[in-house]
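# An overview of the molecular structure
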Amino acid sequence: MDIFGVDRLSFSINEQQTDNQAIQIPTDRLKHGLKLLSSIIYTISLHRQILILNHMKKVFISVLFFLTLGFGASAKAEINERIEIPITSENENSHSKGPRMPERIPISCEYVDGYLSFTFNYDLGVVSVVVTNETTGEHWQNMLPTTGVAIMNVSEVLGNYKIEITTINNKVYCGDYEIN
């Protein structure tokens with residue numbers, strides 16, 4: 001018995017038989033074998049398509065990940081450069097009694113090509129973000145979620161920019177950058 005479940009294929013040629021009767025094949029087993037083969041080929045094809053889609057999804061996520069990462073550590077950049085913007089707490093410089101451990105900043109920010117990318121280390125609720133071009137006076141305001149990465153569209157105009165991020169608990173974080 002072979003992989004199609006067919007015991008034997010018999011061919012008999014007889015001069016007195018018509019062309020339709022010349023080949024005798026156990027059709028039920030042959031049909032079953034062909035269905036099985038077709039099913040296997042379809043499953044392999046479907047599996048390859050799923051693998052290709054999963055690979056494409058991984059590539060797409062990797063590209064998005066690298067687009068949101070920063071490669072520079074400066075808050076000053078030329079046009080079309082990626083810059084990492086240091087974010088500080090507005091309360092960080094307040095006078096306190098005795099030495100204290102520096103506050104952990106739960107936000108990181110990067111600028112590239114007119115977009116700010118905010119990454120939040122934990123959920124702060126919805127935050128209000130105000131970006132002001134201190135050179136021209138223009139400003140942009142947006143409410144952003146703090147789960148994961150949030151993107152905000154801002155200007156590519158040359159100038160000094162200030163960022164203010166306010167949480168629902170009125171905690172304020174600041175940062176600034178320059179495009180020249």
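In what follows, the accompanying structure is described. (Residues numbered from 1 in each chain as written. Predicted model: local features only at pLDDT ≥ 70, side-chain atom pairs only at ≥ 80, totals over all residues. Heavy atoms only, no water.)

So, on to the overall build of the protein. Looking only at helices and strands, the protein features 1 helix and 12 strands. Walking the protein from its N terminus toward its C terminus, one meets helices and strands in the order β-β-α-β-β-β-β-β-β-β-β-β-β. Expressed as a percentage of its 180 residues, the buried residues of the protein come to 24%. Sequence-distant contacts, at least 24 apart, represent 53% of the contacts inside the protein between residues at least 6 apart. In the structure as shown, the protein presents an accessible area of about 13,100 Å², 57% of it carried by carbon and sulfur atoms. (Helix = DSSP H or I, 4+ residues; strand = E, 2+ residues; numbered from the N terminus. Buried < 20%, exposed > 50% of the residue type's maximum accessible area, 1.4 Å probe, protein only. Contact = heavy atoms within 4.5 Å. Areas by Shrake-Rupley, 256 points an atom, 1.4 Å probe, with all protein chains shown as cover.)

Below, the discussion takes up the pairing of strand β7 (residues 115-120). As paired strands, strand β6 (residues 107-112) and β7 are joined by 6 bridges and run antiparallel to one another. Its bridge partner being in β7, Ser108 is matched across the sheet by Thr119. Hairpin connection of β6 to β7: 2 residues between the antiparallel strands, including Asp113 at a positive phi of 50°. For β7 and strand β10 (residues 149-153), the ladder comprises 5 bridges, and the chain directions are antiparallel. (Pairing = 2+ DSSP bridges.)

This part covers the pattern of salt bridges. Under the definition given, this model contains 1 salt bridge. A salt bridge links Lys162 to Glu164, with the shortest nitrogen-to-oxygen separation between them at 4.0 Å. For Glu164, a relative accessible area of 32% gives the class partly exposed. (Salt bridge = Lys/Arg side-chain N within 4 Å of Asp/Glu carboxyl O.)

To continue, consider the packing of aromatic side chains. The geometry of an aromatic ring pair is captured by two quantities: the separation of the ring centres and the angle between the planes. Applying the stated criterion to the full structure yields 4 aromatic pairs. Between the aromatic rings of Trp140 and Tyr161, the centroid separation amounts to 6.2 Å while the plane-to-plane angle is 35°, which identifies the pairing as tilted. Taken together, the residues Trp140 in strand β9 (residues 139-144) and Tyr161 in strand β11 (residues 159-166) connect sequence positions 21 residues apart. There is no split in this pair, since Trp140 and Tyr161 are both buried. (Phe/Tyr/Trp six-rings, centres within 6.5 Å; stacked < 30°, edge-to-face > 60°.)

On the surface, Leu34, Leu37 and Ile41 cluster together to form a nonpolar patch covering roughly 260 Å² of accessible area. You can see Ile41 is positioned in helix α1 (residues 27-68). The exposure class of Ile41 is exposed, given its relative accessible area of 52%. (Patch = residues over 30% accessible without salt bridge, like charges linked within 9 Å, V, L, I, M, F, W, Y side chains within 5 Å.)

One open sheet holds the 4 strands; their spatial order is β4-β6-β7-β10, and the pairing between them is antiparallel. Bordering the open sheet on either side are β4 (83-85) and β10, each of which pairs with just one other strand. On average, each strand axis in the sheet is inclined to that of its neighbour by 25°, with strand direction left out of account. (Axes fitted to C-alpha atoms, helices over the stretch in contact; angles between N-to-C directions.)

Moving on to the nonpolar core. Residues Leu116, Phe118, Val131, Ile163 and Tyr177 are the most contacted members of the largest nonpolar core, which totals 24 residues. Among the secondary structure elements, those contributing two or more residues to this core are β4, β6, β7, β8 (127-133), β9, β10, β11 and β12 (172-179). Dropping the residues within four chain positions of it, Leu116 is found in contact with Ile85, Cys109, Glu110, Tyr111, Val131, Ala150, Ile151, Met152, Val154, Ile163 and Tyr177. (Core = buried A, V, L, I, M, F, W, Y, C linked by side-chain atoms within 4.5 Å.)

Mapped onto the secondary structure, Asn133 falls in strand β8. Of note is the side chain of Asn133, whose polar atom sits 2.9 Å from the backbone nitrogen of Thr135. Apart from residues lying up to four places away in sequence, Asn133 is in contact with Glu138, Trp140, Val157, Leu158, Gly159, Asn160 and Tyr161. (Polar contact = N/O pair within 3.5 Å; in protein donor to acceptor, adjacent residues only side chain to side chain.)

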